[in-house]
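Structural characterization, general
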Amino acid sequence: MKYYLIAGEASGDLHASRLMQALKETDREAEFRFYGGDLMKTAGGTMVKHYRELAYMGFIPVLLHLPTILRNMKQAKKDILKWQPDAVILVDYPGFNLGIAKFIHQQREKKTHFNTQVYYYISPKIWAWKEYRIKNIKRDVDELFSILPFEVEFFEQKHHYPIHYVGNPTVEEVIAFKTKWHTERDMFYRLNSISEEKPILALLCGSRKQEIKDNLPTMLQVADRYHQQYTIVVAGAPAIERDYYMPFLKGHQAQLIHGQTYGLLCEAHAALVTSGTATLETALFGVPQVVCYETPLPRLIGYLRKKVLKVKYISLVNLIADREVVKELVADTFTPQNITRELEAILSGPARQRMLDGYQEVEQRLGKEEAPKNAARIITELLKS
């Protein structure tokens, strides 16, 4: 079978690469073309475009890069038509990928010989906002694969759209990393010139430049207060060049470790984390955290958040637990004073233990299913039938 995958950021590259490996086990004749990253390239197939050329977020960055985004979209559509894959597998990144799904649906309506199936792996988070997109999903997506257990009720009961919960791939990725860490730990400290004399306070400030620009300065301001007791380490995102971080780090007591977030989380005592997949990864590594997310016009965004967002929480940890396990400081609550107070509470004492207990609840809800293998098995069965 021929599979065309589209992943628009680093986390999508990771999840898509593992799905590709699983597809090769269930389909010995699997061929791949993709928009993705280095991990997908290692898995095999032909890279059409790197996700670095796709990863724009926020109204202004998207507007500024609109010609590039439209050009990428046009290229993807043309390439899919030419290659005629059996399935297009869309990985998160809904702004771009739902446009591709709509295009394929339109082509199937017009061309009887075009029968490419659309499978969505890691479903769009329309339960948070833009719920109206359910109409497009029902019309354009043949099968939806979820990695978050609470999405089943949202799609199946609220919107009467059957989906597949295949397990959460991050659980398996973290377990696999922890298993081999004992052989890599010494090298981590040695190569990064980190002393083991002090515990580590990790700063995970996002995987996009805008997130880093918005969140890192305040995170560093708070972390500076702890530099005598802790080693302050910033997790550099693999898609962002090291030089981008340097102006932010100047004058602060922190060092950058690039592309080694899992190793950092294995050793961290606590963390300040920008909302996203990183909050779940931090929880699965058992690191107490404060979720931080700065926004422009914080008071206005804080008000709109209560009116526009359809969910009570923004972090995956709290959404999965359906209660506040980690403290979320977003928009108008994102201040150095608030961050310091919450960080102080989880460095030791009962609040720290309550959070760790909450993490166990999150793990239980996610289960131990191997998401890539489950999704690959279902996809190949669907295509063969």
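Presented here is an overview of the structure given in this document. These numbers come from a predicted model, not from an experiment.

1. What about the sheet that holds strand β10 (residues 255-258)?
- Strand order in the open sheet made by the six strands is β10-β9-β8-β11-β12-β13, with parallel pairing throughout. The open sheet is flanked by β10 and β13 (327-330), the only strands paired with a single partner. Each strand axis lies, on average, 25° off the axis of its neighbour in the sheet, ignoring direction.
- Both strand β9 (residues 231-236) and β10 contribute to a ladder of four bridges, which runs parallel. Of the residues in β10, the one forming a bridge with Gly236 is His258.

2. Focus: the pattern of salt bridges
- All chains considered together, the criterion is met by 17 salt bridges.
- One salt bridge in this structure joins Lys158 and Glu131, with 2.8 Å as the shortest N-O distance. A residue pair is termed long-range when its members are at least 10 positions apart, and Lys158 in helix α7 (residues 151-158) and Glu131 in the loop between β5 (117-121) and α6 (134-140) qualify at 27 residues.
- The exposure class assigned to Glu131 is buried, which follows from its relative accessible area of 13%.
- The residue Arg185 makes a salt bridge to Glu196 at a minimum N-O spacing of 3.1 Å. Placement of Arg185 in helix α9 (residues 185-191) and of Glu196 in the loop between α9 and β8 (200-204) is noted, with a sequence separation of eleven residues between them.
- Given the relative accessible area of 27%, Arg185 is considered partly exposed.
- Relative accessible area serves as the criterion here: at 46%, Glu196 is assigned to the partly exposed category.

3. Structural notes on the environment of Tyr161
- Tracing the backbone through its elements, the reader meets Tyr161 in the loop between α7 and β7 (164-165).
- The class of Tyr161 is buried, set by a relative accessible area of 8%.
- If sequence neighbours within four positions are ignored, Tyr161 has contacts with Ile137, Lys138, Val141, Asp142, Glu143, Leu144, Phe155 and Glu156.
- Within the structure, the side chain of Tyr161 is placed 2.9 Å from the backbone oxygen of Val141, a separation counted as a polar contact.

4. Observations concerning the pairing of strand β4 (residues 87-91)
- Where burial is concerned, most of β4 is hidden: five out of the five residues are buried.
- Burial of β4 is two-sided: the residues Ala87, Ile89 and Val91 facing one way and the residues Val88 and Leu90 facing the other way are all buried.
- Pairing of strand β1 (residues 2-7) with β4, which is carried by five bridges, proceeds in the parallel orientation. Across the sheet, residue Ile6 finds its bridge partner in β4, namely Leu90.
- Bridging between β4 and β5 involves five bridges; their strand directions are parallel. Bridge pairing in β5 places Val91 opposite Tyr121.

5. A closer look at the environment of Leu19
- Structurally, the position occupied by Leu19 is in helix α1 (residues 10-26).
- When the C-alpha atoms of Leu19 and Ala375 are compared, they prove to be 7.5 Å apart, with 356 residues separating the residues in sequence.
- Once residues lying within four places of it in the same chain are set aside, the contact partners of Leu19 are Leu5, Ile89, Tyr121, Pro372, Ala375 and Ala376.

6. Here's the deal with the packing of α1 against helix α8 (residues 169-181)
- In the contact formed by α1 and α8, the axes pass within 11 Å of each other and the chain directions differ by 85°. When the axis of α1 is compared with that of α8, the two are roughly perpendicular. Contact residues: α1 offers Leu14, His15 and Arg18, while α8 offers Pro169, Thr170, Glu172 and Glu173.
- The class makeup of the residues in the contact of α1 with α8 is two nonpolar, two polar and three charged.

7. Section: α7
- Those residues of α7 that sit buried are Glu151, Phe154 and Phe155. Projected onto a plane normal to the axis of α7, the buried residues spread over an arc of 80° and lie on a single side. The outward face of α7, more than 90 degrees from its buried face, is lined by the exposed residues Glu153 and Gln157.
- Turning to α7, the residues buried within the fold contact α6 and β6 (143-146).
- Positive phi appears at His160, one or two residues downstream of α7, with a value of about 55°.

8. Structural notes on the nonpolar core
- One finds Tyr3, Leu5, Ile89, Ile100, Tyr245 and Leu343 to be the most contacted residues of the largest nonpolar core, which totals 127 residues.
- Filtering out sequence-adjacent residues up to four positions away, Ile89 remains in contact with Tyr3, Tyr4, Leu5, Ile6, Leu19, Leu23, Tyr119, Tyr121 and Ile379.

9. Overview of helix α16 (residues 336-347)
- Between its first and last C-alpha, α16 extends 16 Å over twelve residues, near the 16 Å set by a 1.5 Å rise per residue.
- Taken together, the buried positions of α16 are occupied by Pro336, Asn338, Ile339, Thr340, Glu342, Leu343, Ile346 and Leu347.
- Elements that come into contact with the buried residues of α16 comprise β8, α10 (209-223), β11 (268-274), β12 (289-293), β13 and α17 (350-366).
- Phi turns positive, to about 95°, at Gly349, one or two residues after α16.

10. Remarks on the packing of aromatic side chains
- A complete count under the given rule lists 17 aromatic pairs for this structure.
- Ring centres of Tyr35 and Phe96 lie 6.2 Å apart, and the angle between their planes is 35°; on these two criteria the pair is classed as tilted. Here Phe96 lies in helix α5 (residues 94-110) and Tyr35 lies in strand β2 (residues 31-36), a separation of 61 residues in the sequence.
- Linked through ring pairs, Phe177, Trp181, Phe188, Tyr189, Tyr262 and Phe285 together constitute an aromatic cluster.
- Just above the ring of Trp83 sits the side chain of Arg33; from NZ or CZ to the centre is 6.0 Å.

Reading the values: rules and limits
- Here, residues in each chain are numbered from 1, in the same order as that chain's written sequence.
- Where local features are concerned, this predicted model is filtered to residues with pLDDT of at least 70; where side-chain atom pairs are given and counted, the filter is 80 or more; whole-chain, interface and lining totals use all residues.
- The side-chain values count all of the structure's non-hydrogen atoms but skip hydrogen atoms and water molecules.
- A strand pair is defined by DSSP finding two or more bridges across the two strands.
- The secondary structure listing takes helices from DSSP runs of H or I that are at least 4 residues long and strands from runs of E that are at least 2 residues long, numbered from the N terminus.
- Between the N-to-C directions of two axes lies an angle of 0 to 180 degrees, each axis being a line fitted to C-alpha atoms and, for a helix, fitted only over the stretch in contact.
- For salt bridges, the criterion is a side-chain nitrogen of Lys or Arg within 4 Å of an Asp or Glu carboxyl oxygen.
- Buried, partly exposed and exposed residues are distinguished by accessible area as a fraction of the type maximum, computed with a 1.4 Å probe on protein chains only: under 20%, between the cut-offs, and over 50%, respectively.
- In what follows, a contact means two residues having at least one pair of non-hydrogen atoms within 4.5 Å.
- N or O atoms closer than or at 3.5 Å make up a polar contact, with two conditions inside protein: a donor-capable atom paired with an acceptor-capable one, and, for residues adjacent in sequence, both atoms drawn from side chains.
- Working definition: roughly parallel below 35 degrees, roughly antiparallel above 145 degrees, roughly perpendicular at 65 to 115 degrees, and oblique for all remaining angles.
- When residues are grouped by polarity, Ala, Val, Leu, Ile, Met, Phe, Trp, Tyr, Cys and Pro land in nonpolar, Asp, Glu, Lys and Arg in charged, and all others, Gly among them, in polar.
- In this context, the arc is that of the directions from the helix axis out to the C-beta atoms.
- Grouping buried Ala, Val, Leu, Ile, Met, Phe, Trp, Tyr and Cys residues that are joined through side-chain atoms within 4.5 Å yields what is termed a nonpolar core.
- For a helix, the expected span equals 1.5 Å multiplied by the residue count minus one.
- Pairing of aromatic side chains here covers Phe, Tyr and the six-membered ring of Trp, requires ring centres within 6.5 Å, and sorts the geometry by plane angle: under 30 degrees stacked, over 60 edge-to-face, intermediate tilted.
- Look at NZ for Lys and CZ for Arg. If either is within 6 Å of the ring centre and within 35 degrees of the ring normal, a charge sits over the ring.

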